[in-house]
There are 2 protein chains.
Amino acid sequence: MFSAIKRILIGHPLKSYELGEQKINKTKALAILSSDALSSVAYGPEQILIVLVTIGVSAFWYSIPIAIGVLILLTALILSYRQIIFAYPGGGGAYVVSKSNLGVNPGLIAGGSLLVDYILTVAVSVSAGTDAITSAFPTLHNFTVEIAVVFVIFITLLNLRGVTESASVLAYPVYLFVLALFILIGVGIYNIVTGGVSPQLHTPVGTPVVGISLFILLKAFASGSSALTGVEAISNAIPNFKDPAPKNAAKTLTMMGILLAILLSGIVILAYYYGIAPKAEVTVVSQIAEEIFGRNFMYFFIQGTTALILILAANTGYSAFPLLAVNLAKDKFIPRMFLIRGDRLGYSNGIIILGMASIILILAFNAETEHLIPLYAVGVFVPFTLSQTGMMVKWIREKPEGWIPRFIINTTGAFISLIVTLMFFITKFQQVWSILVFLPIIILIFHRIRKHYEAVGEQLRIANRTPVVPIEGNVIIVPVAGITNVVENTLNYAKSLHPDQIIAVYVAFEREDEKKFEEKWKEWQPDIRLVTLHSHYRSIINPLTKFVDTVEHKASESNYKVTVFIPQFIPKNSWENILHNQSSLLISSFLLYRRNVIVTTVPYRLKK
Amino acid sequence: MFSAIKRILIGHPLKSYELGEQKINKTKALAILSSDALSSVAYGPEQILIVLVTIGVSAFWYSIPIAIGVLILLTALILSYRQIIFAYPGGGGAYVVSKSNLGVNPGLIAGGSLLVDYILTVAVSVSAGTDAITSAFPTLHNFTVEIAVVFVIFITLLNLRGVTESASVLAYPVYLFVLALFILIGVGIYNIVTGGVSPQLHTPVGTPVVGISLFILLKAFASGSSALTGVEAISNAIPNFKDPAPKNAAKTLTMMGILLAILLSGIVILAYYYGIAPKAEVTVVSQIAEEIFGRNFMYFFIQGTTALILILAANTGYSAFPLLAVNLAKDKFIPRMFLIRGDRLGYSNGIIILGMASIILILAFNAETEHLIPLYAVGVFVPFTLSQTGMMVKWIREKPEGWIPRFIINTTGAFISLIVTLMFFITKFQQVWSILVFLPIIILIFHRIRKHYEAVGEQLRIANRTPVVPIEGNVIIVPVAGITNVVENTLNYAKSLHPDQIIAVYVAFEREDEKKFEEKWKEWQPDIRLVTLHSHYRSIINPLTKFVDTVEHKASESNYKVTVFIPQFIPKNSWENILHNQSSLLISSFLLYRRNVIVTTVPYRLKK
């Protein structure tokens, strides 16, 4: 039944050689990998204005030069990540670049922050999208958390079905969103150019503003840069592209950069000319749309696609997280379960863990994840800085032909990213300090995991074994709970192996019971030695373990192996298991993990 | 670490022969077993007035004759349960009485409704008590659910420590409550007798009232009878009493009846003379207290002890539920885990299940459990009716000396209980219909469980076995994941048992890998046959299971037993298990439960 449900939800399993069919083309890749970046257009320009409004409406013209700064950073990032894609076509982005050029720990800082960041992406964007929906339908407001969780589960299932299917489903809303904003920007700019917008709405560029400072401008710039989160996703997800993967990824990245630049500058320009001030209840994009179209179909179309893309931005995390996890798992820094491909050839463990972690975040923050946004931005700009510094080092070290312009691009990118990172720490320390605590802990865990895997690997290697002691003989211990067919079945099996000794053990709670049982046993199995143990505390495990220890100790002296044979009856229907005290299961796992014995479970199948 | 926490919370384990010290004397028993019944005084009289007020204030004098009716019922119940205690000194109350005299199904109806009822008792009384607290401290209002859950956990832990300790802790508040009400009633009656209360406050007894009907009176009577819930608890809990248990239990029951009668009639009389009308926000007891004392220390003392006893009423459920469960489990109607005594000699599974079930109820109803009260009352009066009818049948059948007065007592009790039950169904059908759905389902489950246990018992009995086929030889299958020390360890052990055949099985995901492994194996273990299987779907279990099936099918033809030897390495620290795919565990449990093979786990212990 479980597998039937699984089939319906995620589809029939795929064969390994069908992997090629699971690769996606540029159009679909652009949709699923850029939804995070594109969705930031919905809040990035607003972030700039929110900082400037603290000085006054007259400072709004600064949004134009700040947007130009953001565009420069965007260009530097896009060019730089193009270079990363070609230099590291296996994917892994900032983690691989930083690790290979700067060392293991910078790599882990980049990888660790991105890993956490993708979880934040999912939680933050789904919460934001749900918010947009519940604002439109206030009756749903009490169910915000539930709706957000359902969306996460939906996206998780979609991704478990495989990247091709999720791309096909998700491409439409993304392109609709782009279309909607293109119409908005087109009509808006047409109005401005044809003089349909009152020039009194905005202060001219260059107007002197009282109270403006470099600090304020940098803060506004850093806030605006949060629109660039998601740019790195493509560099992590190269393996998902159709061949030639790096080339297709680079083209997709460029396309995303162009789209992002157009939308970002369009919104900033419209906000400036229409004199939009940020408000608590209505977003800037919504204000612009209302100014231009009024509350008609287009307005609701823009609002609807915006809500949708905010939710779908989560999907970028689902594409990038599992592949980043694969890279970390290959290097043994995280559990190797992230390397396993699921039924539909996606890295399902990564997808499931991402979904669960973000649901936990949504529940913990009650779907109010806005104040996680700065944390999330820092989590992106730290790897940005590291990866570009890594590329700088690479160019200096390798000095390939024409390396100087590339070096300049990466240096510019690294420098601006570093400034943005520092601005976040300086201006929003209250919201981002936690990264300084979590990141070292995560890196410590990475190292401990790696150390463990290395120790295990070494111990498993045939060359490195402790000399094998030959096994001289076998002792079998059979814990018995009564005189039943289950026990007889086990004893018959034990006898068939001709061990050197079979000992039956009975744990009695009362003295009378002890004697009675011994007598009955003598009659029933006179040739098998019975040991009865007494338990004051009504525990079977404790006296049994002590007995096993004694036998094991003595047996090991003459290189005998001790095996405990657990008689277990298996009910016909699995629900019936709850009607039986699972003592045999308990005993076998306890002995297996805590004591140096071999455990054999001898099943006796009930027929009704 | 887990056991250290357990030690702190519930204390060190007790030896079985210390059971006698866990018995309780009459004073303590009265406290813990009557808290439920006594607490109903806090709302019983109010229930009568709530019905009468629908006619008008002039009808309030009817509360006096109605209270007399309730007292008659109480007397009948107490006398009847005294007889039950002596007739069935092993405890089990209504369940045992109904089962032995009326048949299995009436017994199960009584037992099932009481089982559910004790869960309701805990949920309802803890919610009510928490409500009283949060009404006093409105800042706590947002945490009602949390507080209620903490109280349930506290009472559960107290009961896990053992009945003696919980009795010692809980006796004080119960007696303080009784003391508080005695003072209230004493002072109130003194005022009335000395003429300190205006006679205009009440309409004289006998005043004709317009609109009164037998239906209304019966409804008021049924509502008032809800104060009698909890009367049966002592008859379930006889085994907890010090010897001579039945005699002590009977004395305690009588004492409880007297206390209950005094408090009940006291409150009704005071309410009548002071002309108290039920109000939504203030309880009747609280109004009386305010009239008599004003808002001084005594008022808050009464309010505080009332809140406390409402919470402690839950404890009656904890004393009675596990013992009722023991009786049902002895008859195999519920899982036998309810028969196991925990570390502190209490039936801990019953205690824990009761705690968990009531927490679920509290969470599901958001600690607003008031409308469960009628359901809870019906759940008590159904077993009342059944047990007394059972006693009637017993007297008629056995006709011991002097049986006629006893028969009359039980007949009166049965008759009044039946009327109360019917009144609940007639007047509050909306709130109690669900019992008509749940009870048949529960009884069906009881029967299915019993059927299962009987089938199992029969199959386990040595006399009833299918003829044993002698085991002619053994085949051992060893699934191998690589050439490692873990595999070598398993192979060495397998060889030491000298089976007829050892087959190593390797599941390959890729063709190349397959060949490479076969070559390496030939070099490493030339004398052990290797079978390689190919898995398109990256599953190990499916191809392995198919192979095991084939081998098993062939082996069984010549009466060979197939055993699967699972090589498993055990990490040094148990947290490290999450770093390894638990495929061996998965494989072993899958094969054990789904296939007819024996499973041996051969551990290889890592040293670092």
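Refer to the structure presented above.
Keep in mind that this is a model prediction, so the values were computed, not measured.

A.B. asks: How do you make sense of the nonpolar core when you look at a structure like this?
C.D. replies: Counting 153 residues, the largest nonpolar core has B:Leu184 and B:Val231 as the members making the most contacts within it. Considering every element that reaches this core, the biggest residue donor is helix H13 (residues 297-330) of chain B, with 18 residues. When residues no more than four places from it in sequence are discounted, the contact partners of B:Val231 are B:Ala37, B:Leu74, B:Leu77, B:Ile78, B:Tyr81, B:Leu253, B:Met256, B:Leu260 and B:Phe384. Within the second largest apolar cluster, 150 residues are counted, among which are A:Val197, A:Leu253, A:Ile267 and A:Leu386.

A.B. asks: Please explain helix H15 (residues 373-398) of chain B as it appears in this structure.
C.D. replies: Counting along an α-helix, one turn takes 3.6 residues, and residues three or four places apart therefore face a common direction. All names here are of chain B. A rise of 1.5 Å per residue sets the reference length of H15, with its 26 residues, at 38 Å; its end C-alpha atoms lie 38 Å apart and thus fit the reference within 8%. Most of H15 is tucked away: 20 of the 26 residues are buried. Count one or two residues on from H15 and you reach Lys399, which has phi positive near 40°.

A.B. asks: Is there a simple way to think about helix H9 (residues 214-225) of chain A in this case?
C.D. replies: All names here are of chain A. Between its terminal C-alpha atoms H9 stretches 16 Å, which fits the 16 Å expected from twelve residues at 1.5 Å a residue. Listed as buried for H9 are Ile216, Leu217, Ala220, Phe221, Ala222, Ser223, Gly224 and Ser225. Looking at the buried positions of H9, the neighbouring elements they touch are helix H3 (44-52), helix H4 (63-87), helix H15 (373-398) and helix H16 (403-427).

A.B. asks: Help me out: how do you make sense of the interface of chain A and chain B in this one?
C.D. replies: Quite often, the size of an interface is put as the accessible area lost when its parts meet. Tallying the contact residues gives 75 residues for chain A and 75 residues for chain B. Viewed at the interface, chain B and chain A are joined by 32 residue pairs in polar contact (both at pLDDT 80 or more). Where the side of chain A that touches chain B is concerned, the elements lending two or more residues are helix H18 (434-460), helix H19 (485-496), strand E4 (560-570), helix H22 (583-594) and strand E5 (598-605) of chain A. Within the side of chain A that touches chain B, the residues separate by chemical class into 37 nonpolar, 20 polar and 18 charged. Strand direction decides the pairing type here: E5(A) and strand E5 (residues 598-605) of chain B, joined by three bridges, are antiparallel. Note on E5(B): the bridge partner recorded for A:Thr601 is B:Val599.

A.B. asks: Just checking my understanding: could you explain the environment of A:Ser417 for this structure?
C.D. replies: Residues and elements named next belong to chain A. Among the structural elements, Ser417 can be located in helix H16. Measuring from C-alpha to C-alpha, the distance between Ser417 and Leu214 comes to 17 Å, with 203 residues separating the pair along the chain. Discounting chain neighbours no more than four positions away, the residues touching Ser417 are Leu73, Leu77, Phe381, Phe384, Thr385 and Gln388.

A.B. asks: Where do I start with the side chain of A:Thr134 in this structure?
C.D. replies: Residues and elements named next belong to chain A. By secondary structure assignment, the location of Thr134 is in helix H6 (residues 104-136). On the accessibility criterion, Thr134 (1% relative accessible area) is buried. A polar side-chain atom of Thr134 sits 3.2 Å from the main-chain carbonyl oxygen of Asp131.

A.B. asks: Would you mind going over the packing of helix H2 (residues 26-39) of chain B against helix H8 (residues 163-193) of chain B with me for this structure?
C.D. replies: Helix-helix packing is characterised by the crossing angle of the two axes and by the distance between the axes. All names here are of chain B. Direction vectors running N to C along H2 and H8 enclose 60°, while the axes themselves pass 8 Å from each other. Comparing the axis directions of H2 and H8 gives the class oblique. Between H2 and H8 lies a crossing of left-handed hand. Listed contacts from H8 to Thr27, Lys28, Leu30, Ala31, Ile32, Ser35 and Leu38 of H2 are Val163, Ser166, Ala167, Ser168, Leu170, Ala171, Val174, Tyr175, Phe177 and Val178.

A.B. asks: So what exactly am I meant to see when it comes to the pattern of salt bridges here?
C.D. replies: Any two side chains of opposite charge can pair, given that their charged atoms come close. All names here are of chain A. Summed over the entire model, instances satisfying the criterion amount to ten salt bridges over all chains. Notably, a salt bridge pairs Lys394 with Glu398, separated by 3.3 Å at the nearest N-O pair. One end of the pair, Lys394, and the other, Glu398, are both in helix H15, four residues apart, so they sit about a helical turn from each other. We classify Lys394 as buried; its relative accessible area is 10%. For Glu398, a relative accessible area of 48% gives the class partly exposed.

A.B. asks: How should the environment of B:Val174 be read in this particular structure?
C.D. replies: All names here are of chain B. The residue Val174 is located in helix H8 in this model. Owing to a relative accessible area of 2%, Val174 belongs among the buried residues under this scheme. A sequence separation of 310 residues divides Val174 from Thr484, and the C-alpha atoms of the two residues are 67 Å apart. The contact partners of Val174, leaving out residues within four places of it in the chain, are Ala31, Ser35, Leu38, Ile309 and Leu312.

A.B. asks: Just to check I follow, could you spell out the packing of aromatic side chains for this structure?
C.D. replies: Aromatic ring pairs are reported here in terms of the distance separating the ring centres and the angle at which the planes meet. Enumeration over the complete set of coordinates arrives at 26 aromatic pairs over all chains. Ring geometry for B:Trp61 versus B:Tyr62: centroids 3.9 Å apart, planes at 25°, classification stacked. Relative accessible area serves as the criterion here: at 14%, B:Tyr62 is assigned to the buried category. Relative to B:Tyr273, the ring of B:Tyr272 lies with its centre 5.0 Å away and its plane at 70°, an arrangement referred to as edge-to-face. Joined through ring pairs, the aromatic side chains of A:Tyr81, A:Phe381, A:Phe384 and A:Phe424 make up one cluster. Over the face of the ring belonging to A:Trp403 we find A:Lys399, whose NZ or CZ atom lies 5.8 Å from the ring centre.

A.B. asks: So what exactly am I meant to see when it comes to a nonpolar patch on the surface here?
C.D. replies: A cluster of nonpolar side chains, contributed by A:Phe429, A:Trp433, A:Leu436, A:Val437, A:Phe438, A:Ile441 and A:Ile445, occupies part of the molecular surface with about 680 Å² of accessible area. By secondary structure assignment, the location of A:Val437 is in helix H18.

A.B. asks: Help me understand the pairing of strand E3 (residues 529-534) of chain B, please; the structure alone is not making it clear to me.
C.D. replies: Consecutive side chains of a regular strand alternate in pointing toward one face of the sheet and then the other. Residue and element names in this part refer to chain B. Where strand E2 (residues 501-508) and E3 come together, six bridges link them in parallel fashion. Bridged to Ala504 within E3 is Leu530. Assessed by its sense of winding, the connection that carries the chain from E2 through helix H20 (residues 511-524) to E3 is right-handed.

A.B. asks: Sorry if this is basic, but what is going on with the relation of the copies chain A and chain B here?
C.D. replies: To go from the first copy of the chain to the second, apply a rotation about an axis and then a shift along the same axis. Between chain A and chain B, the superposition needs a rotation of 180° and an axial shift of 0.2 Å, giving an RMSD of 0.3 Å. Between the two chains, the operation in question is that of a two-fold axis. Closest to the rotation axis within chain A is the C-alpha of A:Thr600, separated from it by 2.0 Å.

Conventions and cut-offs
- Residues numbered from 1 in each chain as written.
- Chains lettered and ligands numbered in written order.
- Predicted model: local features only at pLDDT ≥ 70, side-chain atom pairs only at ≥ 80, totals over all residues.
- Heavy atoms only, no water.
- Core = buried A, V, L, I, M, F, W, Y, C linked by side-chain atoms within 4.5 Å.
- Buried < 20%, exposed > 50% of the residue type's maximum accessible area, 1.4 Å probe, protein only.
- Helix = DSSP H or I, 4+ residues; strand = E, 2+ residues; numbered from the N terminus.
- Contact = heavy atoms within 4.5 Å.
- Expected span 1.5 Å × (residues − 1).
- Polar contact = N/O pair within 3.5 Å; in protein donor to acceptor, adjacent residues only side chain to side chain.
- Nonpolar A, V, L, I, M, F, W, Y, C, P; charged D, E, K, R; others polar.
- Pairing = 2+ DSSP bridges.
- Axes fitted to C-alpha atoms, helices over the stretch in contact; angles between N-to-C directions.
- Parallel < 35°, antiparallel > 145°, perpendicular 65-115°, else oblique.
- Left-handed = near helix turned anticlockwise from the far one by under 90°.
- Salt bridge = Lys/Arg side-chain N within 4 Å of Asp/Glu carboxyl O.
- Phe/Tyr/Trp six-rings, centres within 6.5 Å; stacked < 30°, edge-to-face > 60°.
- Lys NZ or Arg CZ within 6 Å of the ring centre and 35° of its normal.
- Patch = residues over 30% accessible without salt bridge, like charges linked within 9 Å, V, L, I, M, F, W, Y side chains within 5 Å.
- Areas by Shrake-Rupley, 256 points an atom, 1.4 Å probe, with all protein chains shown as cover.
- Right-handed = clockwise from strand over helix to strand, strands pointing away.
- Least-squares fit on C-alpha atoms with pLDDT ≥ 70 in both.

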